[in-house]
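Each chain, letter by letter, is given below.
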Amino acid sequence: MATRIRLAEIIEALSHALDLTEGQPPGHCIRCCYIGTAIGERLGLTEDLLRDLYYTLMLKDLGCSSNAARICELYLADDLKFKHDFKLVDGSFPQILRFVLSHTGMQAGLAERFRGLLNIVKNGAEISQSLIRTRCERGAEIARQMRFSENVAQGILDLDEHFNGGGQPAGLKGDEIHLFARIALLAQVADVFFVNEGAEAAIAEVNKRAGSWFDPHLVDVFKTVATPVFWAELGADNLERFVLAREPGRQAIMADEDYLDDIAAGFAHVIDAKSPYTSGHSDRVALFTDMIAEEMGMATPERRRLKRAALLHDIGKLGVSNSVLDKPGRLEGEEWEQMKRHAEFSETILSRISVFADLALIGGAHHEKLDGSGYPRGLRGDQISFETRIVSTADVFDALTADRPYRAAIPVATALAILWEGAGKSHDPACIEALERALTRAELKAA
């Protein structure tokens, strides 16, 4: 029987991955959805517009992974902490100064870094426009790929614009900024200050930015919905279930098999945008996975499901700093521990989606090895599923044949030889053999 699942359930679960890559506490996008939808309801938006607003708020950070590597490079900082803390900065000189002194790499020339950040925030430097445009355009593009409306895409595209025209990347002003983006930015700041400092601080910060960052009318509407009950619900443990139950619309949108494929492909682009060294990695792992599965006689429905697992196996890397992902040398100590946690993150995120439960197990175990020397659980032999062995083989093969921070791409024949050296210890010989046959048939073995 064909799989059908509520779209909202999938998007709420995947929004936790976006929280990770923005360095935000779990549930940030869901809390923003609660705040922003309450504003939309008070504005009297139609059910169709409320539904589009609902998904805009959940997916506002779709493009956020695309600037992580550049931030890490520019400021010699942990991009996750940088992004988390920068959301508390309002652009004033004292706040910028404190932020630079506490976040910029000391060995990098403090005065130079200060001038760079000040230029980004205050003067709209070209580098700032590039960073934000990449984030916004990539997010809108992925939203369209995932079949969301143009209203959703535009809401994501305009997220960093400010009501007074001082935002990025286009310097839009007032009603030129899509309503969904105006609501989403307000909801984002309100949540960040609520989580860090409480309800009174959130209201004070929103008031302070009225007319500059925020539409004053929306600020007034926000203050009418920000009752004690509102704040209690926002901080409740069951908020995610509440937001899921309150999805706007007379009938829930259901995702079929084709839609699940599009969602997996869209989020694969979010994952791979995290690092310049992983561009296209998920797509290639999906291709090699399918080639192996085909050679091993796997039925079409199982191959389709396995391709989704391959596309999403590295979703947990969104929670790993680029200072680790892009390091040009050996990972040591806490760096290695942080890298290893990406498999656990993958399993945790995917396990939130009922139809992805088996994919979650693959995401959590794709770095396990037959001899028990893998991570995170040290599984061995039959404890590692047949499907996981296929994805693991495809993953390592692509890692070997692609450029990495610490080495250039390895030729196909050499990569296969390395896989065979670990046959029976790291990888299943049957999977390596199937990959080799598939590459031979595709005339790629000698590449």
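It should be noted that the structure appears before, not after, this text.
Parameters at a glance
- Counting starts from 1 at the beginning of each chain's written sequence and moves along it residue by residue.
- Only residues with pLDDT of at least 70 get local features here, since the model is predicted, and only at 80 or more are side-chain atom pairs given and counted; chain-wide, interface and lining totals rely on the full set of residues.
- The basis for every side-chain value is the complete set of non-hydrogen atoms in the structure, without hydrogens or water.
- Under the scheme used here, helices are H or I runs from DSSP no shorter than 4 residues and strands are E runs no shorter than 2 residues, and both carry numbers assigned from the N terminus.
- To sort residues, take the accessible area from a 1.4 Å probe on protein chains only and compare it with the maximum for the residue type: under 20% means buried, over 50% means exposed, and anything in between is partly exposed.
- The contact criterion used is simple: two residues touch if any of their non-hydrogen atoms lie within 4.5 Å.
- The method behind every accessible area is Shrake-Rupley, applied with a 1.4 Å probe, and residues are considered shielded solely by the protein chains displayed.
- Note on geometry: axes are C-alpha line fits, over the in-contact stretch for helices, and angles between N-to-C directions span 0 to 180 degrees.
- For classification purposes, an angle smaller than 35 degrees is called roughly parallel, one larger than 145 roughly antiparallel, one from 65 to 115 roughly perpendicular, and anything else oblique.
- Ten residues, namely Ala, Val, Leu, Ile, Met, Phe, Trp, Tyr, Cys and Pro, are considered nonpolar, four, namely Asp, Glu, Lys and Arg, are considered charged, and the remaining ones, Gly among them, are considered polar.
- Cavities and pockets were defined on a 1 Å grid built from protein atoms only: a cavity is a group of points that admits a 1.4 Å probe but offers it no way out, a pocket is an open group of points flanked by protein on both sides within 12 Å along at least five of seven lines, and a lining residue is one with an atom within 4 Å of any such point.
- Grid points are joined across faces, edges and corners, and a volume is the space filled by probe spheres set on the points.
- For any pair of crossing helices, the crossing counts as left-handed if the nearer helix is rotated counterclockwise from the farther one by less than a right angle, and right-handed if it is rotated clockwise.
- One speaks of a salt bridge when a side-chain nitrogen belonging to Lys or Arg is within 4 Å of a carboxyl oxygen belonging to Asp or Glu.
- Here a Phe, Tyr or Trp ring, Trp counted by its six-membered ring, pairs with any other such ring whose centre lies within 6.5 Å, and the pair is stacked when the planes are under 30 degrees apart, edge-to-face when over 60, and tilted otherwise.
- By definition here, a helix of n residues has an expected span of 1.5 Å times n minus one.

Enquirer: In this structure, what is going on with the overall build of the chain? I would like to understand it.
Expert: Within the chain one finds 23 helices and 2 strands. For the chain, with 447 residues in total, the buried portion stands at 55%. Considering only contacts within the chain whose residues lie at least 6 apart along the sequence, 69% involve residues at least 24 apart. A total of about 18,400 Å² of accessible surface is found on the chain, and carbon and sulfur atoms cover 53% of it.

Enquirer: Sorry, what's going on with the packing of helix H1 (residues 7–21) against helix H3 (residues 47–58) here?
Expert: In helix packing, the relevant descriptors are the interaxial angle and the interaxial distance, both defined with respect to the helix axes. Running from N to C, H1 and H3 cross one another at 25°; their axes reach a closest spacing of 9 Å. The orientation of H1 with respect to H3, classified from their angle, is roughly parallel. The segment H1 lies against H3, with Leu7, Ala8, Ile11, Glu12, Ser15 and Leu18 engaging Tyr54, Tyr55 and Met58. Class assignment for the residues of the contact of H1 with H3 results in 7 nonpolar, 1 polar and 1 charged.

Enquirer: Would you explain empty space enclosed by the protein in this entry?
Expert: Empty space among the atoms can be located by rolling a probe the size of a water molecule over them. A complete count under the given rule lists 2 cavities of 30 Å³ or more for this structure. Space inside the largest cavity adds up to approximately 50 Å³. Together, Ala365, Glu368, Leu370, Ile384, Thr388, Arg389, Ser392, Thr393, Ser426, His427 and Asp428 line the largest cavity. The space that makes up the second largest cavity amounts to roughly 40 Å³. As for the second largest cavity, its lining consists of Ile271, Asp272, Lys274, Ser275, Thr278, His281, Asp314, Lys317 and Leu325. Taken together, the residues that form the lining of the second largest cavity break down as 2 nonpolar, 3 polar and 4 charged.

Enquirer: What is the right way to read unusual backbone geometry from this model?
Expert: Apart from glycine, the bulk of residues carry a negative phi angle, and the bulk of peptide bonds sit in the trans form. Residue Gln168 is joined to Pro169 through a cis peptide bond whose omega torsion reads 0°. Among the structural elements, Pro169 can be located in the loop between helix H9 (150–157) and helix H10 (179–197). Cis geometry marks the peptide bond from Tyr375 to Pro376; its omega dihedral reads 10°. A positive phi angle, close to 75°, is found at Arg147, a residue other than glycine. Counting through the fold element by element, Arg147 comes out in the loop between helix H8 (126–145) and H9. Given the relative accessible area of 43%, Arg147 is considered partly exposed.

Enquirer: Looking at this model, I keep getting lost on the side chain of Gln338. Mind explaining?
Expert: Within the secondary structure, Gln338 is located in helix H19 (residues 333–350). Excluding its chain neighbours within four sequence positions, the residues that come into contact with Gln338 are Gly319, Val320, Ser321 and Val324.

Enquirer: Any chance you could explain the packing of H3 against H10 here in plain terms?
Expert: Between H3 and H10, whose axes approach to 10 Å, the crossing angle comes to 45°. With respect to each other, H3 and H10 are oriented oblique. Between H3 and H10 lies a crossing of right-handed hand. Contacts between H3 and H10 involve Leu49, Asp52, Leu53, Thr56 and Leu57 from the former and Phe180, Ile183, Ala184 and Ala187 from the latter. Of the residues belonging to the contact of H3 with H10, the class tally is 7 nonpolar, 1 polar and 1 charged.

Enquirer: Whenever I open this one, the pattern of salt bridges confuses me. Can you help?
Expert: When their charged atoms lie close together, side chains carrying opposite charge are able to pair. For the coordinates displayed, the defined rule picks out 35 salt bridges. Taking the shortest distance from any N to any O, the salt bridge between Asp262 and Arg147 comes out at 2.8 Å. Of this pair, Asp262 sits in helix H15 (residues 257–272) while Arg147 is found in the loop between H8 and H9, placing the two residues 115 residues apart along the sequence. Note that Glu347 and Arg377 form a salt bridge whose closest N and O atoms lie 3.0 Å from each other. Remark: Arg377 occurs in the loop between helix H20 (357–365) and helix H21 (386–401) and Glu347 occurs in helix H19; sequence separation between them is 30 residues.

Enquirer: Help me out: how do you make sense of the environment of Leu185 in this one?
Expert: Relative to the helices and strands, Leu185 resides in helix H10. A relative accessible area of 3% places Leu185 in the buried class. C-alpha separation for the pair Leu185 and Gly155, spaced 30 residues apart in sequence, amounts to 9.8 Å.

Enquirer: Just to check I follow, could you spell out the packing of aromatic side chains for this structure?
Expert: When we look at a pair of aromatic rings, we describe it by the centre distance and by the angle of the planes. Scanning the model with the defined rule gives 11 aromatic pairs in all. Here Tyr34 and Phe230 contribute two aromatic rings whose centre-to-centre distance is 5.1 Å and whose plane-to-plane angle is 35°, an arrangement assigned as tilted. On the criterion of sequence distance, the pair formed by Tyr34 in helix H2 (residues 28–43) and Phe230 in helix H13 (residues 228–234) is long-range, its members being 196 residues apart. Classification of Phe230 by relative accessible area gives buried; the value is 3%.

Enquirer: For this particular structure, what's the right way to read H1?
Expert: Residues spaced three or four apart along an α-helix point in a common direction, a consequence of the helix completing one turn every 3.6 residues. Across its 15 residues, H1 extends 22 Å between first and last C-alpha, which sits within 8% of the 21 Å expected from 1.5 Å per residue. For H1, the buried fraction is high: 13 of the 15 residues fall into the buried class. Trailing H1 by a residue or two, Gly23 shows a phi angle of about 70°, which is positive.

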